[in-house]
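# Fold and geometry: a report
One-letter residues, chain by chain:
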Amino acid sequence: MRKPTTALAGILAGTLLLAGCSTSTGTGSDTTTTTSDDTTTTTTTTTSATSSELTEVSYEDLDVKDVDLSIDTAGATEITLSDSGSTGGDGVTVDGDTVTITAGGTYVLSGSLSAGQVVVDTDDEDVNLVLDGVDITSADTAAIDIENADEVVIWLEAGSTNSLADAADATAATDEESDAPNATLYSTADLWIAGQGSLTVDAVAEDGIASKDGLVIESGTLDVTAADDGIRGKDFLVIKDGDITVDADGDALKSTNESLDEETAVGVVWISGGSLDLTSGVDGIDAVNQVTVEGGELAIAAGDDGITTDGVLRVADGTVDISTSVEGLEGGVILLSGGTGTIKSSDDGLNVSSGSSTSGSAGQDAGTMGGGQMGDGTMPERPSGDMGGRGGPGSSADGTTTDTTMDTTTTTDATSASVTTADYSTDASSTDATVTTVAGGGMGGGMDQALEGRYLEISGGTWYIDADGDGIDSNGTATMTGGTVVVDGPTNSGNGAIDVNGEFTITGGTLAASGSSGMLEAPTASGDQGVLTVTFASAIAEGTAITVTDADGDQVATFTTGKISQSLVLSTDGIVSGDTYTISTGGTVSGTAVAGGLVLGDAAAGGSELGTLTAD
């Protein structure tokens with residue numbers, strides 16, 4: 001763990017402190033040096049995220065069956081739905097307003113039921129349901145109830161508009177151990193949804209769409225509103241394409257099977273394409289064992305975590321925009337290897353957790369009560385407006401900073417360091433406190449034991465994080481070899497832009513992390529690429545440009561603060577360990593930002609030179 005080593009602060013209010021880094025950790029005057037020879041984790045195969053070591057599974061490990069989606073309606077059985085007058089052919093029985101399919105095959109459904117249901121009850125046969133202008137409101141829950149089948153395809157006929165809804169007074173299932181339907185579109189069999197039509201689901205009682213086995217969305221336009229979870233596949237939820245909108249009081253997307261006895265991977269959400277607009281009262285995406293995003297465009301507004309898993313979370317491609325969350329991305333292991341993303345969080349932006357889900361819903365499945373409910377059966381509050389009110393110490397309920405005074409303790413036994421100081425005035429008078437950073441320790445993370453098998457690995461992608469808590473938080477270790485991460489971190493001293501319990505090493509990529517200085521941490525430079533750690537004796541205002549220039553007079557980067565800030569950690573391929581750099585502030589910035597307020601290269605004109613420091 002790297003910590004800034006600075007000379008005695010408090011020389012002058014409004015003074016910049018430029019510092020290198022040490023590898024010491026500890027508190028008070030007692031320090032211990034901790035090193036780690038291992039920056040990667042060797043893991044063994046497991047099917048449960050409750051294990052101390054986690055292994056990423058491949059798509060093949062899900063054992064998703066190959067299903068023929070070229071639906072041929074020639075010779076299909078037609079079912080016409082009508083209150084007290086539904087009709088069907090071979091393999092169909094009608095009992096009042098309950099239409100039951102009893103044999104495998106292809107069925108084309110049209111028409112409406114105002115208090116009815118379509119049931120699939122076959123002897124483990126394959127069934128294709130072609131929805132071509134269907135409007136079903138159930139007498140209770142489960143407008144479509146797939147009770148027994150092998151594989152079922154819901155095909156949305158091109159140009160068709162279809163809708164499924166619970167009754168207005170529908171109630172949630174009370175028997176958590178049964179296979180009683182708990183979704184408006186419910187299946188005990190593997191389920192596929194595809195086609196070029198649209199489907200609207202209004203789940204009054206519980207989930208919108210749920211499969212007790214696997215659920216694959218190949219295409220189609222889906223609009224799901226749910227009193228609990230939006231779309232749930234117990235074994236797995238795979239989204240390959242489609243235009244999907246979910247507004248759920250529980251989790252928007254979910255997979256819940258945590259069984260240790262499965263021969264294939266379970267409890268996985270896998271997204272490879274599509275356009276997803278997810279609004280949730282709890283988590284945007286929640287999977288017990290793994291979440292993989294390798295494509296698609298995701299927009300998430302979450303009441304709790306944006307994307308969470310007790311296991312491995314990987315973003316390899318696609319776009320992820322988390323506009324509201326408590327924690328943005330949370331997992332036992334987080335792997336960022338591609339894609340682009342933005343995160344707004346009232347707590348941590350990236351959080352490598354201990355492996356215990358904050359929603360407490362891991363054990364629920366499609367045959368039980370949904371996981372979005374609280375212990376007393378009530379739903380948590382849905383996101384509304386700015387969710388900055390969970391920012392930890394120093395934040396009020398409306399997200400404004402109420403305690404901007406950082407560490408003002410003065411010390412006389414700090415190790416001397418070669419620093420250059422210069423006067424600097426700021427409009428941020430509300431945070432005009434003098435900060436003391438004690439050499440060889442002080443506040444700032446790295447004091448907790450790193451959890452075995454938990455780590456953050458950044459090798460690609462571009463991310464901007466606006467966090468009221470820690471920007472990057474790992475209860476294990478962290479490595480960065482590529483990609484771009486820009487953090488506008490906390491304004492209170494109880495959190496830091498970077499907080500890693502174990503070693504955080506950087507060998508490549510671009511990192512800019514701005515925030516308070518009370519818990520300041522920086523990564524260890526492991527190679528030629530260096531790290532600059534800049535602390536300010538007085539907080540500087542939002543919108544202030546901080547420019548780094550090398551010894552040849554070439555600008556390396558300019559970072560414009562997105563919040564009041566008292567520190568900046570910067571590492572790019574233009575910063576070389578051992579070289580000296582000049583810090584300036586207040587210039588006029590031009591050029592295109594790579595993420596947040598970070599512009600690489602020659603970008604600033606004017607400004608005031610504050611001093612120099614040497615990169616670690």
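Treat the numbers as computed from the prediction; the structure is a model and nothing was measured.

### Quick look at the overall build of the protein chain
Looking only at helices and strands, the protein chain features zero helices and 49 strands. Among the 616 residues that make up the protein chain, the fraction classed as buried is 59%. Long-range pairs, those at least 24 residues apart, make up 61% of the contacts in the protein chain between residues at least 6 apart in sequence.

### Some details on the pattern of salt bridges
Pairing is possible between side chains of opposite charge, provided their charged atoms come close. Taken as a whole and judged by the stated rule, the model has twelve salt bridges. Close ionic contact of Glu-56 with Arg-314 constitutes a salt bridge, the shortest N to O distance being 2.5 Å. Taken together, the positions of Glu-56 in the loop between β4 (30-33) and β5 (77-81) and Arg-314 in strand β29 (residues 312-324) put the pair 258 residues apart, joining distant regions of the chain. By relative accessible area, which is 19% here, Arg-314 ends up buried. When the shortest N-O distance is used, the salt bridge between Lys-65 and Asp-150 registers 3.9 Å. Here the residue Lys-65 occupies a position in the loop between β4 and β5, and Asp-150 occupies one in the loop between β11 (144-148) and β12 (151-156), the gap between them amounting to 85 residues. We classify Lys-65 as partly exposed; its relative accessible area is 37%. On the basis of relative accessibility, which here comes to 30%, the residue Asp-150 falls in the partly exposed class. When salt bridges that share partners are traced, they join Asp-207, Asp-229, Arg-232, Asp-251 and Lys-254 into one network.

### Thoughts on a negative patch on the surface
A surface patch of like charges, here negative, comprises Asp-123, Asp-124, Glu-125 and Asp-126. The residue Glu-125 is located in the loop between β9 (117-121) and β10 (127-137) in this model. For Glu-125, a relative accessible area of 32% translates into the label partly exposed.

### A few points about the confidence of the model for the protein chain
On average, residues of the protein chain score 81 in pLDDT, and 75% of them are at 70 or above. Scored below 50 in pLDDT, residues 1-16 makes 82 contacts in the model with residues more than four places away or belonging to other chains.

### Examining the side chain of Thr-188
In this fold, Thr-188 is placed in the loop between β14 (183-187) and β15 (190-195). A distance of 2.7 Å separates a polar atom in the side chain of Thr-188 from the backbone oxygen of Glu-147. Residues contacting Thr-188, with those up to four places away along its chain left out, are Ile-146, Glu-147, Asn-148, Lys-212 and Asp-213.

### Things to note about the environment of Ala-467
The topology assignment puts Ala-467 in strand β33 (residues 455-467). Classification of Ala-467 by relative accessible area gives buried; the value is 0%. Sequence spacing of Ala-467 and Ser-345 is 122 residues, and the spatial spacing of their C-alpha atoms is 4.8 Å. Those residues in contact with Ala-467, other than ones at most four positions away along the chain, are Ser-345, Asp-347, Gly-349, Asp-488, Gly-489, Pro-490 and Lys-563.

### Re the nonpolar core
With 87 residues, the main nonpolar core has Ile-209, Ile-231, Leu-253, Ile-285 and Leu-329 as its most contacted residues. In this structure, Leu-329 is in contact with Ile-307, Leu-313, Ile-322, Ile-334, Leu-336, Ile-343, Gly-349, Leu-350, Asn-351 and Trp-463, ignoring residues within four places of it in sequence. Ranked by size, the runner-up nonpolar core spans 21 residues in total, among them Ala-557, Ile-575, Tyr-581 and Leu-610.

### Quick look at the sheet that holds strand β47 (residues 598-600)
Spatial ordering of the open sheet is given by β47-β43-β42-β45-β49, a layout of five strands whose pairing is antiparallel. Strand pairing shows two members of the sheet lacking a second neighbour, β47 and β49 (608-614), which therefore form its edges. Across the sheet, the mean angle from the axis of one strand to that of its neighbour is 20°, orientation sign disregarded. As paired elements, strand β42 (residues 545-549) and strand β45 (residues 580-585) share four bridges and run antiparallel to each other. Across the sheet, the residue bridging to Thr-547 is Ser-584, located in β45.

### Focus on the environment of Pro-523
Examined against the element boundaries, Pro-523 turns out to sit in the loop between β39 (510-515) and β40 (524-525). Given the relative accessible area of 1%, Pro-523 is considered buried. Residues Pro-523 and Thr-505 lie 18 residues apart in sequence; the distance between their C-alpha atoms is 5.3 Å.

### Quick word on unusual backbone geometry
Leave glycine aside and you will find that most residues have negative phi; peptide bonds, for their part, are mostly trans. Non-glycine residue Ser-84 carries a positive phi angle of around 60°. By the secondary structure assignment, Ser-84 is in the loop between β5 and β6 (92-95). Phi is positive for Asp-124, which is not a glycine, with a value near 55°. Following the sequence through the fold, Asp-124 ends up in the loop between β9 and β10. Residue class for Asp-124 comes out exposed when judged on its relative accessible area of 53%.

### Some words on the side chain of Asn-162
With respect to the secondary-structure elements, Asn-162 resides in strand β13 (residues 161-165). Within the structure, Asn-162 has its side chain in polar contact with the backbone nitrogen of Val-134 (distance 2.8 Å). Only 3.0 Å separates the side chain of Asn-162 from the side chain of Ser-160, close enough to count as a polar contact. When neighbours within four sequence positions are excluded, Asn-162 is seen to be in contact with Leu-131, Asp-132, Gly-133, Val-134, Leu-156, Ser-198, Leu-199 and Thr-200.

### Here's the deal with the pairing of β29
Put simply, side chains in a regular strand alternate between the two faces of the sheet. Pairing geometry for strand β27 (residues 290-302) and β29, over ten bridges, is parallel. Following the sheet pairing, Val-293 is matched in β29 by Val-315. As judged from the eight bridges shared by β29 and strand β31 (residues 333-345), these two strands associate in the parallel manner. Counted as the bridge partner of Asp-321 is Thr-342 from β31.

Definitions and limits used
- Residues numbered from 1 in each chain as written.
- Predicted model: local features only at pLDDT ≥ 70, side-chain atom pairs only at ≥ 80, totals over all residues.
- Heavy atoms only, no water.
- Helix = DSSP H or I, 4+ residues; strand = E, 2+ residues; numbered from the N terminus.
- Buried < 20%, exposed > 50% of the residue type's maximum accessible area, 1.4 Å probe, protein only.
- Contact = heavy atoms within 4.5 Å.
- Salt bridge = Lys/Arg side-chain N within 4 Å of Asp/Glu carboxyl O.
- Patch = residues over 30% accessible without salt bridge, like charges linked within 9 Å, V, L, I, M, F, W, Y side chains within 5 Å.
- Areas by Shrake-Rupley, 256 points an atom, 1.4 Å probe, with all protein chains shown as cover.
- Lys, Arg positive; Asp, Glu negative; His and termini not counted.
- Charge placed at Lys NZ, Arg CZ, Asp CG, Glu CD.
- pLDDT = per-residue confidence, 0-100.
- Polar contact = N/O pair within 3.5 Å; in protein donor to acceptor, adjacent residues only side chain to side chain.
- Core = buried A, V, L, I, M, F, W, Y, C linked by side-chain atoms within 4.5 Å.
- Pairing = 2+ DSSP bridges.
- Axes fitted to C-alpha atoms, helices over the stretch in contact; angles between N-to-C directions.

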